[in-house]
Amino acid sequence: QVQLVESGGGLVQAGGSLRLSCAASGRTFSAYTMTWFRQAPGKEREFVAGISWRGPSTHYAEFVKGRFTISRENAENTVYLQMNNLSPEDTAVYYCAADARLGIFTAPYGFDYWGQGTQVTVSP
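Residues numbered from 1 in each chain as written. Predicted model: local features only at pLDDT ≥ 70, side-chain atom pairs only at ≥ 80, totals over all residues. Heavy atoms only, no water.

(A) Local environment of the nonpolar core. Judged by nonpolar contacts, the single largest core of 34 residues is most densely connected at Leu-4, Trp-36, Leu-81, Met-83 and Tyr-94. Counting only elements with at least two residues in this core, the list comes to strand 3 (18–25), strand 4 (33–39), strand 5 (46–51), strand 7 (68–73), strand 8 (78–83), strand 9 (92–99) and strand 11 (118–123). Filtering out sequence-adjacent residues up to four positions away, Tyr-94 remains in contact with Glu-6, Leu-20, Trp-36, Phe-37, Arg-38, Val-48, Phe-68, Leu-81, Met-83, Gly-117, Thr-118 and Val-120. (Core = buried A, V, L, I, M, F, W, Y, C linked by side-chain atoms within 4.5 Å. Buried < 20%, exposed > 50% of the residue type's maximum accessible area, 1.4 Å probe, protein only. Helix = DSSP H or I, 4+ residues; strand = E, 2+ residues; numbered from the N terminus. Contact = heavy atoms within 4.5 Å.)

The following block contains the structure:
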C-alpha cells in the first residue's frame, strides 16, 4: 500500500510560480510512474504531467509545455511539479497519482493510488 501527500499549493498572482511536492510512503516508490492531474471547479480531472520510473521519461499536456517541469527524487520518495508563468486557467486542485503500469497514462483511470490534492489558485 502507498500513501501520497501533496503540498506546496497556494495563492499566487498571474505570472508567478509554485512548486508542488508529492511525498510517497508505504511501499516501494521507484517502481511507480508518477503523474500529476488537476481538477478545476465544475470540470473533469485532466492530465498535467507524468514521469516514468524508467529513464526517467516525461510527458506533458500541451497547455503546460514550456511552463511546468515534473521531476522525481527517488531517495526522498518525492515527485515535484515546478510551475512557472502561472495563469488563472491553472487554478485547480492538483493531485498526484502512482501507477505500476508500464508507460505514462494520461487518462485518470487505472491508477493505483491518489493523493488528497493541493489547491492552486492563480489570481489575475
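The rest of the description comes next.
(B) Region of interest: the pattern of salt bridges. Within this structure, the stated rule accounts for five salt bridges. Between Lys-65 and Glu-62 there is a salt bridge; the shortest N-O distance is 2.9 Å. Among the residues examined, Lys-65 registers a relative accessible area of 46% and is labelled partly exposed. Classification of Glu-62 as exposed rests on a relative accessible area of 61%. Here Arg-67 makes a salt bridge to Asp-90, at a shortest N to O gap of 2.7 Å. Here Arg-67, found in the loop between strand 6 (58–60) and strand 7, pairs with Asp-90, found in the loop between strand 8 and strand 9; they are 23 residues apart in sequence, far enough to count as distant. Via salt bridges that share partners, Arg-38, Glu-46, Arg-67 and Asp-90 belong to a single interconnected network. (Salt bridge = Lys/Arg side-chain N within 4 Å of Asp/Glu carboxyl O.)

(C) Quick peek at the sheet that holds strand 7. Spatially, four strands are ordered 1-3-8-7 in an open sheet, and the strand pairing comes out antiparallel. Every other strand in the sheet has two partners, leaving strand 1 (3–7) and strand 7 as the edge strands with one partner each. Taking the axes of each pair of neighbouring strands and ignoring which way they run, one obtains an average angle of 15° across the sheet. Bridge analysis of strand 3 against strand 8 gives six bridges, and the strand direction is antiparallel. Counted as the bridge partner of Ser-21 is Tyr-80 from strand 8. (Pairing = 2+ DSSP bridges. Axes fitted to C-alpha atoms, helices over the stretch in contact; angles between N-to-C directions.)

(D) Quick peek at the environment of Leu-18. Structurally, the position occupied by Leu-18 is in strand 3. Relative accessible area serves as the criterion here: at 15%, Leu-18 is assigned to the buried category. Considering only alpha carbons, one finds Leu-18 and Asn-85, 67 residues apart in sequence, at a separation of 9.2 Å.

(E) Broad picture of the state of the cysteines. Overall, the coordinates contain one disulfide when judged by the stated rule. Between the sulfur atoms of Cys-22 and its disulfide partner Cys-96 the distance amounts to 1.9 Å. Judged by the torsion about the S-S bond (55°), the Cys-22/Cys-96 disulfide is right-handed. Pair noted here: Cys-22 is in strand 3 and Cys-96 is in strand 9, with a separation of 74 residues, a long-range link. You can call Cys-22 buried: its relative accessible area is 0%. (Disulfide = S-S within 2.5 Å.)

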